[in-house]
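# Residue-level structure breakdown
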Amino acid sequence: MLNISRKISDEGEGPLWDKFKSGDIEAYEFIYRSKVRDLFNYGMSISQDDAMVKDCIQELFLEIWKSRENLSATDNIKYYLFKALRYKLNHSKTLAQKTKPMDGQMAIYNKLISFPFEEEIIRKQQIVLNKRKIEQAIAKLTSRQREVITLSFYEGLSYDEIASLMSMRVDSVYTLVWKAISRLKTLV
């Protein structure tokens, strides 16, 4: 796996995708392991039904393995998988008619730094409070605003990639991000 990640930094993701398409199981596993957390976080911004998101991710990886030889080429695997997951989630939501009510839970990962015991407890409590505030504020955004915030700030996609992924114009993405941030400022 280390050799694969070293090659990606040198050559980009295109050769990795080509290896996967030709049936290289190691490349497939590497793609899964390196992208699954990002896919889950992105999926939760669209649906917030973690069971549906997990199911769609599993189905997505099964389907791309089965049809790997017919997939189009890409140099941006994350974008390719995000687009496919977005389609699967929207399709699943359409089939289910309505998803479960949103509970405001988003997957936010924090790496904790060691402090003395008392400071660590206080710090953890503050993190939990801040996380709840942010989750509650994000839950009050529209689904499109949640999606654009996740893609822009959590996944680091460019405005052009977001526009393409969400089938919007780039200037509309800028406006949507601005409105979402403005709303978050009033809610937090």
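In case you missed it, the structure is sitting above this.
Now for a description of the structure that goes with this document. As a convention, each chain's residues are numbered from 1 in the sequence order in which they are written. At least 70 in pLDDT is required for a residue's local features to be given in this predicted model, at least 80 for side-chain atom pairs to be given and counted, and no such filter applies to totals for whole chains, interfaces and linings, which use all residues. Neither water nor hydrogens contribute to the side-chain values; these are computed over all heavy atoms in the structure.

Let us look at the packing of helix α3 (residues 25-46) against helix α4 (residues 50-66). Between α3 and α4, whose axes approach to 10 Å, the crossing angle comes to 150 degrees. One element, α3, and the other, α4, form an angle in the roughly antiparallel class. Crossing handedness for the pair α3 and α4: right-handed. Of the residues in α4, those in contact with Ile-25, Tyr-28, Ile-31, Tyr-32, Val-36, Leu-39, Phe-40, Gly-43 and Met-44 of α3 are Asp-50, Val-53, Lys-54, Ile-57, Gln-58, Phe-61, Leu-62, Ile-64 and Trp-65. Residue classes follow a fixed rule: Ala, Val, Leu, Ile, Met, Phe, Trp, Tyr, Cys and Pro count as nonpolar, while Asp, Glu, Lys and Arg count as charged, and any other residue, Gly among them, counts as polar. For the contact of α3 with α4, a count of residues per class yields 14 nonpolar, 2 polar and 2 charged. Note on geometry: axes are lines fitted to C-alpha atoms, helical ones only across the stretch in contact, with angles between N-to-C directions running from 0 to 180 degrees. The helix count covers DSSP runs of H or I at least four residues long, the strand count covers runs of E at least two residues long, and both are numbered beginning at the N terminus. Working rule for angles: under 35 degrees goes down as roughly parallel, over 145 as roughly antiparallel, 65 to 115 as roughly perpendicular, anything else as oblique. What makes a crossing left-handed is the near helix being turned counterclockwise from the far one by less than a right angle; a clockwise turn instead makes it right-handed. The contact criterion used is simple: two residues touch if any of their non-hydrogen atoms lie within 4.5 Å.

Looking at the secondary structure, you find Leu-187 in helix α9 (residues 170-187). With 49 residues separating them in the primary sequence, Leu-187 and Ile-138 have C-alpha atoms 8.7 Å apart. Apart from the residues lying within four places of it in its own chain, the contact partners of Leu-187 are Ala-137 and Lys-140.

Now for the pattern of salt bridges. Think of a salt bridge as a Lys or Arg side-chain nitrogen and an Asp or Glu carboxyl oxygen that are within 4 Å of each other. For the structure shown, the criterion picks out 7 salt bridges. The shortest N-O distance in the salt bridge between Lys-78 and Glu-155 comes to 3.4 Å. Note that Lys-78 is positioned in helix α5 (residues 77-96) and Glu-155 in the loop between α7 (143-154) and α8 (159-166), a separation of 77 residues in sequence. Each member of the pair, Lys-78 together with Glu-155, is buried. Measuring nitrogen to oxygen at the nearest pair gives 2.4 Å for the salt bridge that ties Glu-147 to Arg-86. Linking Glu-147 in helix α7 with Arg-86 in helix α5, this pair joins segments that are 61 residues apart in sequence. Here Glu-147 matches Arg-86 in class, with each residue buried. Within the structure, one salt-bridge network assembled from shared partners comprises Asp-38, Lys-78 and Glu-155. Remark: exposure states derive from per-residue accessible area (1.4 Å probe, protein chains only) relative to the maximum for the residue type, with buried under 20%, exposed over 50%, and partly exposed in between.

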